[in-house]
Structure formats: structure tokens, C-alpha cells
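A structural walkthrough
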Amino acid sequence: MDRPSIPIIPVPPRHALDGSVLVHPPSDAESGAAVSDQYGRPLRDLRISVTDRCNFRCVYCMPRAHFGRGHAFLARAEILDFDEILRVARLSVALGVRKIRLTGGEPLLRRDLDRLVAMLAMLPVELTLTTNGALLARQARALKSAGLDRLTVSLDALDDDRFRAINDADFGVADVLAGIDAAVAAGFAPIKINMVVQRGRNDADIVPMAARFRGSGHILRFIEYMDVGATNGWRLDQVVPAAEVVRRLEARWPLAPLGENYRGEVARRWRYRDGAGEIGLIASVTQPFCGDCTRLRLSPDGHLYACLFAGRGQALKPLLRGAADDRMLTAAIAGLWRARNDRYSEQRSAATAGLDKVEMSYIGG
Ligand code: SAM
Ligand code: SF4
Ligand code: SF4
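In what follows, the accompanying structure is described. (Residues numbered from 1 in each chain as written. Chains lettered and ligands numbered in written order. Predicted model: local features only at pLDDT ≥ 70, side-chain atom pairs only at ≥ 80, totals over all residues. Heavy atoms only, no water.)

Bringing the site of ligand 1 into the picture now. What surrounds ligand 1 is a group of 20 residues, the closest being Tyr-60, Gly-105, Ser-154, Met-226 and Met-360. Within the side chain of Glu-106, one N or O atom sits 3.2 Å away from a nitrogen atom of ligand 1. Here ligand 1 has 540 Å² of accessible area as a free molecule, and 95% of this is covered by the chains. Where the shell around ligand 1 is concerned, the elements lending two or more residues are β3 (126–131), β5 (192–197) and β6 (219–224). Partitioned by chemical class, the residues of the shell around ligand 1 number 8 nonpolar, 10 polar and 2 charged. (Near = heavy atom within 4 Å. Polar contact = N/O pair within 3.5 Å; in protein donor to acceptor, adjacent residues only side chain to side chain. Areas by Shrake-Rupley, 256 points an atom, 1.4 Å probe, with all protein chains shown as cover. Helix = DSSP H or I, 4+ residues; strand = E, 2+ residues; numbered from the N terminus. Nonpolar A, V, L, I, M, F, W, Y, C, P; charged D, E, K, R; others polar.)

Attention now moves to the sheet that holds strand β11 (residues 303–305). Within the open sheet, the 12 strands sit side by side as β7-β8-β9-β6-β5-β4-β3-β2-β1-β10-β11-β12. Their pairing is mixed. At either end of the open sheet lies a strand with only one pairing partner, and these are β7 (255–257) and β12 (314–315). Bridging between strand β4 (residues 150–154) and β5 involves 3 bridges; their strand directions are parallel. Counterpart to Thr-152 in the pairing with β5 is Lys-192. Taken strand by strand, helix α2 (residues 82–94) contacts β1 (45–49), β2 (99–103) and β10 (295–298), and its axis lies near 170 degrees from that of β1. (Pairing = 2+ DSSP bridges. Contact = heavy atoms within 4.5 Å. Axes fitted to C-alpha atoms, helices over the stretch in contact; angles between N-to-C directions.)

This part is about helix α8 (residues 242–250). Looking at α8, one finds that the buried residues are Ala-242, Glu-244, Val-245, Val-246 and Leu-249. Structurally, α8 contributes buried residues whose contacts are with α7 (206–213), β6, β7, β8 (268–272) and β9 (278–282). (Buried < 20%, exposed > 50% of the residue type's maximum accessible area, 1.4 Å probe, protein only.)

Glancing now at the nonpolar core. Buried together is how nonpolar side chains tend to be arranged in soluble globular proteins. Counting 112 residues, the largest nonpolar core has Ile-48, Ile-100, Leu-102, Leu-113, Leu-220, Phe-222 and Leu-249 as its most contacted members. Discounting residues that sit within four places of it in the chain, Leu-102 has contacts with Ile-48, Val-50, Pro-107, Leu-113, Leu-116, Val-117, Leu-120, Thr-128, Leu-129 and Thr-130. (Core = buried A, V, L, I, M, F, W, Y, C linked by side-chain atoms within 4.5 Å.)

Counted according to the given criterion, the structure contains 19 salt bridges. The shortest N-O distance in the salt bridge between Glu-244 and Arg-199 comes to 2.8 Å. With Glu-244 in helix α8 and Arg-199 in the loop between β5 and α7, this residue pair connects regions lying 45 residues apart in the sequence. By relative accessible area, which is 34% here, Arg-199 ends up partly exposed. Through salt bridges with shared partners, one network takes in Arg-199, Asp-203, Glu-244 and Arg-248. (Salt bridge = Lys/Arg side-chain N within 4 Å of Asp/Glu carboxyl O.)

This part covers the site of ligand 3. Around ligand 3, the neighbouring residues are Phe-289, Cys-290, Cys-293, Arg-295, Arg-297, Cys-307, Leu-308, Phe-309, Arg-340, Asp-342, Tyr-344 and Ser-345. Elements with a contribution of two residues or more to the shell around ligand 3: β10 and α11 (344–347). Among the residues making up the shell around ligand 3, the classes are represented as 7 nonpolar, 1 polar and 4 charged.

Okay, structure coming up:
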């Protein structure tokens, strides 16, 4: 399939207060320049999972039956340190990455995360983070000061009983709302709020969530439940199609579609016609967007994944901890991207749901 490649928009490097450039421009060794995959998709986004651990046990992501006491989480020595993460990020930027998202597991569980944020904030990228929000009240200010640009907070229900049943770890809605409030006080705005919708589990919260965040300045995004990993027992009949979410909301508040902010934007945007802001729909199951997918993922232990639904990643750690120079590492990252032909969501079927796929809590959303 021939696809026109997306033009790379250069982002100027950040400058220190005195005007000096904080990040050196890519060296010859690094500047493999922008790379495109087998379908002409450029590398633009890097998602970095900083831990496979989480303080929640969301039933659709880390069900206790699989992530209980017996589960073997990564040992500390296996996990990339901040210098290793920064090195991969820096070389990826030279290959075209313009946006970095920190994720997990729960990224706020990673010790001294604000120090990593400060290191990555030196790169010429938009730096974002996705969190379940439970520890945000304590960390929002430090993250903002360290240079985090934007925040996404996950919240699947406003009903406290339903929320507790989903996170299965005794966190209440108030914990997350306190995190969102603290983030606003720290200067994050607008905040994206992610709600994974599951039929029968929290679809009753669609309208209350919209009512709560309409007019708040935050952007609520409804995410179709996906068949990631191999442990959540995903079934198609649990997916609430994005079109149905829109229909349910429109019955209450008239909506109008909005255009893309940029090519490849994952969420389809709608605005309330009464001016109460916008919402997003992430329809990865019913309206796949592989054609514009420019995301590369780095696991906590240094594996690169070209797709959220991949079975295996490419181990970078032997290079990072061996004698490989930047040129060799760049070649490894670029080689993976150039060979990439993933488009799982466009090929999804009853048969693919059973394939061996990486867990979302390990590779991040
Ligand atoms: N722990 C953080 C959080 O929950 O925000 C970051 C990691 S979590 C894996 C990232 C995002 O993936 C969250 O918004 C979560 O709701 C979403 N997610 C996890 N499993 C999912 C699934 N099966 N389908 C759709 N979204 C999922
Ligand atoms: Fe943890 Fe996020 Fe997965 Fe929930 S969705 S279990 S908060 S990693
Ligand atoms: Fe990208 Fe893979 Fe998701 Fe398609 S299925 S949008 S290629 S991560």
C-alpha cells in the first residue's frame, strides 16, 4: 500500500533562561534523519513505560487473577535507569520523534520521576504523562516544575462503587478528583481525562462523566475497550462503539464534529454546540487508525515495540549496557521502524484476540 509520508515539522530546541541551547543538535552519527516504515508512516511519538507496577488492579488491564501475589514483576536491575531512557529518547528525537509520553504501569510509582521529567524536558519534544491520578495530588507541582507539558488522567467512573469495582484496589473517585484539582493548581490545563468504556461495567457513567467535565476546560475522552494483552478476557460484546457514545451524549447535549488538530490524532473530536467545550472518542476497535500510527513504545526493561498489540519487542538493553555507540543504537531503532508493517487494529478478528500480545500494564497505553 502506498501512503504519502507525513512531513516532519521541525521543533526548535529548548533554550535555557540565558538563551543557550540545552540540547545539542543531533550529531552526524545520530542524524539518521526522519525514518518511515513499510507504509510510509514516520516515527513521531515515543511512549516510555517507566514501570510495570501499578497501585490499581483495573479489571480490564491487570486482573488480580493474573497480577496477584504470584505475578513476577520486573526486578530493579532489569529496568532501564534514567540515563538509559534519556539516551533512547534523544536518539529517537534525531529520528523524528516530536512527542514523548511517560506511562506504565503507573508512572507515578517510579521513584524520582520528576528527575526523569527534568532530563527529558531538555529535548525538543512535547512531554506528556498518563496517570491513574491517585498519587497526583502529591506530585503535580514537582512534575510541572520539572517541565512536564501536559497530563492525561484516567478515570473510568464517577460512581464510587463502580470505580472501586473497576480499579479493584480500594481507590475512590475522590482520590482521582483531588489529583486533577492539584494538577490544575500546579498549572496543568487543559487536562485530558481518559475513560475506558465497558458495556455493563461503566457505560452508565458515560453521561454523568460528560456532565461532570462539561464546561470544566478538561477534555473527556471515551476509549473503546481493547483486546490488549492476554489476560483481560476481552469480548467484542463488551465494547461500546464510539458512535453509540456520541448518540447517547447527543440525546442530552447537541454535538458537532471538530477537525483534527494534527494528522494522526488518535481521538476524534466533538464539541458541545452550547459552548461547553469538547470531548474525544478513541475508536480503536470500530474505526481503527493504524494508517496514521506513528507511535514507538519502549518497555521498562528496554524493549522496543512497534505496535501495542505486538507479541515481542526488540531488546535494546544489550546495546545500551554493552559497548554500542550512538550510531549502532540509532541503527537498531531506525531498523525496527523501517521494517515495521504492523496494523493490528485493521486486521482484528475473533482469531487475533487470542494471539500472544504484550500486556498494556507493561508497555503502557
Ligand atoms: N496507569 C496509568 C493510567 O491508567 O492512566 C497509565 C498506564 S494505562 C495502561 C494507560 C491507559 O490505557 C489508561 O487510560 C487505561 O485506561 C488504558 N487502558 C488500559 N487497558 C485498556 C484496554 N484494555 N482497553 C483500552 N484502554 C486501556
Ligand atoms: Fe494500572 Fe493504568 Fe492498568 Fe489501571 S489501566 S491497572 S491504573 S496501568
Ligand atoms: Fe498503531 Fe498497532 Fe494500534 Fe494500529 S494497532 S494504531 S499500528 S499501535
